Amino acid sequence: MMTKTNVQPLLVNYKTLEEFKRFKEYGNQELTMLEDLESNIVENDSESPFYGIYFGNALVARMSLYRVQAKYDSYFLPPQDYLALWKLEVLPDHRNQGYGKALVDFAKSFDLPIKTNPRIKSHSFWEKMDFQKAHYDVERDLGENPLIWLPSGVEEREV
């Protein structure tokens, strides 16, 4: 059984970005952060949308969490701010140890609805986390198959 995991905000700095290269989902978001760092738009330690869990000194799990304003909400009733959860990933040697659940529980702790676009083969994980398929809307979902989590008092909007 694992000890209490500490989810923490990840700083935008070279060390964090270097660690991100170990994750499969490394892409535009990280490269943008790297460019911002290199052109000094952001100073070291400025806020990033990433949260992670360290095992010793190594980043072993991470996710990106954005707050989306209510005016852009086309998923929930009543319309409200919600969280978009992306890039949840646990490095292979650290899977099935509760890190993914710890990240999701952290996101749920904001008590806002959550939307995620799961990677292939991850549906059973999201089901265990009480996420459900959003009713598909061609214009809104553009080929994605979003999953949503509803805190108490929130419903899915009819499509």
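Residues numbered from 1 in each chain as written. Predicted model: local features only at pLDDT ≥ 70, side-chain atom pairs only at ≥ 80, totals over all residues. Heavy atoms only, no water.

**Student:** Looking at this model, I keep getting lost on the pairing of strand β5 (residues 82–90). Mind explaining?
**Tutor:** It is a general feature of regular strands that their side chains alternate between the two faces of the sheet. By the criterion of burial, β5 is predominantly enclosed, with eight of the nine residues buried. Across seven bridges, the pairing between strand β3 (residues 58–68) and β5 is antiparallel. By the bridge assignment, Ala61 is partnered in β5 with Val90. Alignment of β5 against strand β6 (residues 114–116), held across three bridges, turns out to be parallel. From the neighbouring strand, Ala84 faces β6, where its bridge partner is Lys115. (Buried < 20%, exposed > 50% of the residue type's maximum accessible area, 1.4 Å probe, protein only. Helix = DSSP H or I, 4+ residues; strand = E, 2+ residues; numbered from the N terminus. Pairing = 2+ DSSP bridges.)

**Student:** Just checking my understanding: could you explain the pattern of salt bridges for this structure?
**Tutor:** If charged atoms from side chains of opposite charge come close, those side chains can pair. According to the stated counting rule, one finds eight salt bridges in the structure shown. Among the salt bridges present, the one from Lys15 reaches Glu19, with a minimum N-O distance of 3.5 Å. Placement of the pair is Lys15 and Glu19 together in helix α1 (residues 14–20), with a separation of four residues, close to one helical turn. For Lys15, a relative accessible area of 49% translates into the label partly exposed. Salt-bridge contacts for Asp105 lead to Lys101; the nearest nitrogen and oxygen are separated by 2.6 Å. In this pair, Asp105 and Lys101 are both assigned in helix α3 (residues 99–108), four residues apart and thus about one turn of the helix distant. (Salt bridge = Lys/Arg side-chain N within 4 Å of Asp/Glu carboxyl O.)

**Student:** Would you mind showing me how to read the sheet that holds β5 here?
**Tutor:** Strand pairing in a sheet relies on backbone hydrogen bonds, with the paired strands running either antiparallel or parallel. As summarised here, the arrangement of the seven strands in space is β1-β2-β3-β5-β6-β8-β7, forming an open sheet in which the pairing is mixed. Two strands in the sheet have a free side with no partner beyond their single neighbour: β1 (7–9) and β7 (132–133). Its contacts with the sheet put α3 on β1, β2 (50–55), β3, β5, β6 and β8 (147–149), and the angle it makes with β3 is roughly 25°. (Contact = heavy atoms within 4.5 Å. Axes fitted to C-alpha atoms, helices over the stretch in contact; angles between N-to-C directions.)

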